[in-house]
Each structure stands twice: as structure tokens, then as C-alpha cells.
Amino acid sequence: MTRAGYSQLSINMDAIKNKMKSLKTETENSLARAEELDNEAKAANTLAEKTEEQVRDLQKKMQHVENDLDQTIEKLTSTTTKFEEKDKAFQNAESEIQALQRKLFLEQDELSRTEAKLATTSAELNVASNRTDEINRAIKVLETKNMMDEGRKGERAL
């Protein structure tokens, strides 16, 4: 081998060494990057697991809230039904009260008319009673006169 051959070989060897160093550096960088990405992946997986756990917890809470909501809706429906029944009973009672008030008014009006009629009839009865008393007195007076007249006729006939 000649010097030019050695020199060419040396250049080729240096190029190969540089290439190997370059590849080694790239490999080390790639391994470091792979380790870094692996750590990031582990961190992301850990975060994903925690997030999934939080999601499961939130789903459980949401299920409990939905159950509570269903129970509250059932209670509301029941309460609304009871309220409507009570309101209907109240409306019926109000109608009955109004009907009874109208009846009371009519009865009071009838009572007033009856009392007025009673007062008139009592006054007429009092007048008639007084007239009857006067007539009875007049009858007694006439009977007394009649007896006296018969007594005198009897004395005259004697």
C-alpha cells in the first residue's frame, strides 16, 4: 500500500469513525429521547388512570344525584297530587259556604217577612180580641138589660 493508499484509507477510516461517532450520538440522543418519551407516556398513563378514576367517581356521584332527583320528582308529583286534591276540596268547601250564605240570606229574609206578618197578624188579633171583649161586654150589658126587662115584665104581669 502506498502512502496515497494509506492516506485514502485513513480518510475513509476517519469518515467511518466520524460516521460511527455521529451514529453513536444519534443513538444516545434517540435513547435519551425514547426514555424521555417513555417517562412522559408513564406520566400520561398515570394522569389518564387518575382522570378515569375521577370520571368513575363523578359517574357514581351523578348516579346518586340522578337517584335523588328521581326521588324528589316522585315526591313532587305526590305532593302536587295531594295539593290538587286539597285545593279541589277547598274549592268545594268555598262553593258550599257560598251556597249556605245564600241560603242563610234567604232564610233571614223569610224570617223578616214572617216576623212582619206575625206582627201584623198579632196586631189584627189584638184588635179582634179587643172587639171580642167589647162585644162580650155589650152582650152582658144586653143580657143584664134583658133580664131586668123580663123582671119588670114579670112584675107587671103580676
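Everything here concerns the structure above.
First, a word on scope: everything that follows refers to the structure included in this document. (Residues numbered from 1 in each chain as written. Predicted model: local features only at pLDDT ≥ 70, side-chain atom pairs only at ≥ 80, totals over all residues. Heavy atoms only, no water.)

Description of the overall build of the chain
Part 1 of the reasoning: Helix and strand counts for the chain come out as one helix and zero strands.
Part 2 of the reasoning: In summary, the chain has a C-alpha radius of gyration of 65 Å against a globular reference of 15 Å for 158 residues, an excess of more than 25%.
Part 3 of the reasoning: Dimensions of the chain along its principal axes, counting C-alpha atoms only, are 220 × 20 × 10 Å.
Part 4 of the reasoning: Within the chain, the fraction of its 158 residues that count as buried is 0%.
Part 5 of the reasoning: Summed over all atoms, the accessible surface of the chain reaches about 14800 Å², with 57% contributed by carbon and sulfur. (Helix = DSSP H or I, 4+ residues; strand = E, 2+ residues; numbered from the N terminus. Rg over C-alpha atoms; globule rule 2.2 N^0.38 Å. Buried < 20%, exposed > 50% of the residue type's maximum accessible area, 1.4 Å probe, protein only. Areas by Shrake-Rupley, 256 points an atom, 1.4 Å probe, with all protein chains shown as cover.)

Comments concerning a nonpolar patch on the surface
Part 1 of the reasoning: Together, Met13, Ile16 and Met20 give the surface a local cluster of nonpolar side chains, amounting to about 310 Å² of exposed area.
Part 2 of the reasoning: Examined against the element boundaries, Met13 turns out to sit in helix α1 (residues 3-157). (Patch = residues over 30% accessible without salt bridge, like charges linked within 9 Å, V, L, I, M, F, W, Y side chains within 5 Å. Salt bridge = Lys/Arg side-chain N within 4 Å of Asp/Glu carboxyl O.)

Here's the deal with the pattern of salt bridges
Part 1 of the reasoning: What the rule picks out here adds up to three salt bridges.
Part 2 of the reasoning: A salt bridge links Arg33 to Glu36; the nearest nitrogen and oxygen atoms lie 2.9 Å apart. With Arg33 and Glu36 both in helix α1, this residue pair falls three residues apart, about one helical turn.
Part 3 of the reasoning: Among the residues examined, Glu36 registers a relative accessible area of 40% and is labelled partly exposed.
Part 4 of the reasoning: One salt bridge connects Glu110 with Arg113, and the closest N-O pair in it is separated by 2.6 Å.

Examining a negative patch on the surface
Part 1 of the reasoning: Among the surface-exposed residues, Glu66, Asp68, Asp70 and Glu74 lie close enough to one another that they form a single negatively charged patch.
Part 2 of the reasoning: Within the secondary structure, Asp70 sits in helix α1. (Lys, Arg positive; Asp, Glu negative; His and termini not counted. Charge placed at Lys NZ, Arg CZ, Asp CG, Glu CD.)

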